[in-house]
Amino acid sequence: MLTGLRKTYGDVRAVDGLDLVIAPGEVVALLGPNGAGKSTTVDMLLGLTRPDAGNVTIFGSSPHDAVATGAIGAMLQGGALLDDATVGETVGMVASLHRKPMPVAEALRRSGISDLVARRCNKLSGGQKQRVRFAVALVSDPDLLVLDEPTAAMDVQSRRDFWKSMHGFTSTGRTVLFATHYLEEAENYADRVVLMRAGRIVADGSVAEVTSLVSGRVIRAAVPGAAEAALAVLPAVTEVEVRAAKVAISSRDSDTTLRALLATFPQAHDIEVTAVGLEGAFLSLTTGADTRNGADLS
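Keep in mind it's a predicted model, so treat the numbers as computed, not measured.

**Student:** Whenever I open this one, the sheet that holds strand E10 (residues 217-222) confuses me. Can you help?
**Tutor:** The strands making up a sheet are joined through hydrogen bonds of the backbone, oriented either antiparallel or parallel. Taking strand neighbours across the sheet as the criterion, the 4 strands line up as E11-E12-E10-E13 in an open arrangement whose pairing is antiparallel. Two strands close off the open sheet at either side, each with one partner strand: strand E11 (237-243) and strand E13 (269-275). Averaged over all pairs of adjacent strands, the angle between strand axes in this sheet comes to 15°, irrespective of strand direction. Pairing of E11 with strand E12 (residues 246-251), which is carried by 6 bridges, proceeds in the antiparallel orientation. Bridging from a neighbouring strand, Arg 243 pairs with Lys 246 of E12. Packing against the sheet, helix H10 (residues 254-264) makes contact with E10, E11, E12 and E13, and its axis sits at approximately 20° to E10.

**Student:** In this structure, what is going on with helix H6 (residues 156-170)? I would like to understand it.
**Tutor:** Since there are 3.6 residues in each turn of an α-helix, residues three or four apart along the chain are aligned in direction. In a regular helix each residue adds 1.5 Å, so 15 residues correspond to 21 Å; H6 covers 21 Å between its end C-alpha atoms and thus fits that length. Inspection of H6 places Arg 159, Phe 162, Trp 163, Ser 165, Met 166 and Phe 169 among the buried residues, and these make up the whole buried set. Axial view of H6: buried residues confined to an arc of 155°, hence all on one face. Exposed residues pointing more than 90 degrees away from the buried face of H6 are listed as Val 156, Arg 160 and Lys 164. Buried-residue contacts for H6 involve strand E5 (72-75), helix H4 (104-111), helix H5 (126-138), strand E6 (144-148), strand E7 (175-179) and helix H7 (183-189).

**Student:** Looking at this structure, how should I read the side chain of Thr 86?
**Tutor:** Inspection of the secondary structure assignment puts Thr 86 in the loop between E5 and helix H3 (87-95). Under the relative-accessibility criterion, Thr 86 is labelled buried at 12%. Sequence-distant contacts of Thr 86, that is, excluding residues within four places in its chain, are made with Val 117, Ala 118, Arg 119, Arg 120 and Cys 121.

**Student:** Before we go on, may I ask you to explain the sheet that holds E7 in this structure?
**Tutor:** If you walk across this open sheet you meet the 6 strands as E5-E6-E7-E3-E8-E9, and the pairing is mixed. Only two strands of the sheet have a single neighbouring strand rather than two, namely E5 and strand E9 (200-205). For this sheet the average axis-to-axis angle between neighbouring strands, irrespective of direction, equals 15°. The strands touched by H5 are E5 and E6; relative to E5, the strand with the most contacts, the crossing angle is about 170°. Docked against the sheet, helix H11 (residues 278-285) engages strand E3 (27-31), strand E8 (192-197) and E9, running at close to 30° with respect to E8.

**Student:** Before we go on, may I ask you to explain a nonpolar patch on the surface in this structure?
**Tutor:** A contiguous nonpolar surface patch, about 210 Å² in accessible area, is contributed by Leu 262, Ile 271 and Val 273. Within the secondary structure layout, Leu 262 lies in helix H10. Among the residues examined, Leu 262 registers a relative accessible area of 37% and is labelled partly exposed.

**Student:** Is there a simple way to think about the confidence of the model for the protein chain in this case?
**Tutor:** Chain-level statistics for the protein chain give a pLDDT mean of 88 and a share of 96% at 70 or above. Averaged pLDDT values over the elements of the protein chain bottom out at 80 in H11 and peak at 96 in H3. Every residue in residues 289-298 scores below 50 in pLDDT, and together they form 25 contacts with partners more than four places removed in sequence or on other chains.

**Student:** Would you mind showing me how to read the pairing of E10 here?
**Tutor:** As a general feature of sheets, a regular strand has side chains that alternate between the two faces. Here E10 runs beside E12; their pairing, made up of 6 bridges, is antiparallel. Within E12, the position partnered with Val 218 by the bridge is Ser 250. Note: E10 against E13, 5 bridges, orientation antiparallel. Within E13, the residue paired with Ala 222 across the bridge is His 269.

**Student:** Sorry if this is basic, but what is going on with the pattern of salt bridges here?
**Tutor:** Where charged atoms from two side chains of opposite charge come close, those side chains can pair. A complete count under the given rule lists 12 salt bridges for this structure. Salt-bridge contacts for Lys 7 lead to Asp 52; the nearest nitrogen and oxygen are separated by 3.5 Å. You can see Lys 7 sitting in strand E1 (residues 2-9) and its partner Asp 52 sitting in the loop between helix H1 (38-45) and strand E4 (53-56), a full 45 residues away along the chain. The exposure class of Lys 7 is buried, given its relative accessible area of 12%. Residue class for Asp 52 comes out partly exposed when judged on its relative accessible area of 46%. Salt-bridge contacts for Arg 13 lead to Asp 16; the nearest nitrogen and oxygen are separated by 3.1 Å. According to the relative accessible area criterion, Arg 13 is exposed, its value standing at 54%. Residues participating in the shared-partner salt-bridge network are Arg 6, Arg 13, Asp 16 and Arg 200.

**Student:** Is there a simple way to think about H10 in this case?
**Tutor:** Along H10, the residues classified as buried are Ser 254, Thr 257, Leu 258, Ala 260 and Leu 261. Take H10 and look down its axis: the buried residues cluster within an arc of 165°, on one side only. Every exposed residue of H10 that faces more than 90 degrees away from the buried side is listed here: Arg 259 and Ala 263. Structurally, H10 contributes buried residues whose contacts are with E10, helix H9 (228-232), E11, E12 and E13.

Cut-off values and rules
Residues numbered from 1 in each chain as written. Predicted model: local features only at pLDDT ≥ 70, side-chain atom pairs only at ≥ 80, totals over all residues. Heavy atoms only, no water. Pairing = 2+ DSSP bridges. Helix = DSSP H or I, 4+ residues; strand = E, 2+ residues; numbered from the N terminus. Axes fitted to C-alpha atoms, helices over the stretch in contact; angles between N-to-C directions. Contact = heavy atoms within 4.5 Å. Expected span 1.5 Å × (residues − 1). Buried < 20%, exposed > 50% of the residue type's maximum accessible area, 1.4 Å probe, protein only. Arc of directions from axis to C-beta. Patch = residues over 30% accessible without salt bridge, like charges linked within 9 Å, V, L, I, M, F, W, Y side chains within 5 Å. Areas by Shrake-Rupley, 256 points an atom, 1.4 Å probe, with all protein chains shown as cover. Salt bridge = Lys/Arg side-chain N within 4 Å of Asp/Glu carboxyl O. pLDDT = per-residue confidence, 0-100.

Quick look at the structure:
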């Protein structure tokens, strides 16, 4: 439970009165643009940074006590690994710090790195290092797993394998909070999405609930020869993306925009109109000057 959290760095309000309650068993995605306050929030949750105001309570304990007892496992993108230690030694060392750790072999298996047990950390790729950090986070057998950009540096297949491993962890009813820039990961794996902007929460709910906060539709079509400037001036258009002959047009009134599109570009074809997805909601809700807290939809 995070209550009234505030943290400033000079004149910058990194976190500005944040309230967040996460229920046991939830998988929560923490999203926001750079500078939104995600990393500072995670640091305060883990006890790495002391808030200027407010409180953090995890399973009835302080962050320090929760970490010390192994109730929290953390996978931080910048977490250092000992270059000369092997993967097995690294995970084993962390396991030795906890009273009831997960067997090291089990943590390695769940992380998909059993075959790397004898490899030194300085011989690992970026994606492999992320998997070692995941094993380090898992080995305490935590009730809450906190992940900061967990699939950074992973290729597409490694990302899929990682989330497959996560399914095994979350199926046991454990709680997961992850911060990511990959919106499709939040859309596919999170029970709940929390959007931050300028240190505050601007939306909180399921993917469907968050996207419902944003009105409008997206028109996708093949429009040969269309220039972005010509599409942007169509009525009710809020955003235009052009890739070769394919366009994606965000509109406040898709019917009006579509009629104008066909009148201006009668050669348009393969037309599809869809609701705004998480990416559109993210862009709409995390830009602009209004930084009031959004409603809790969960």
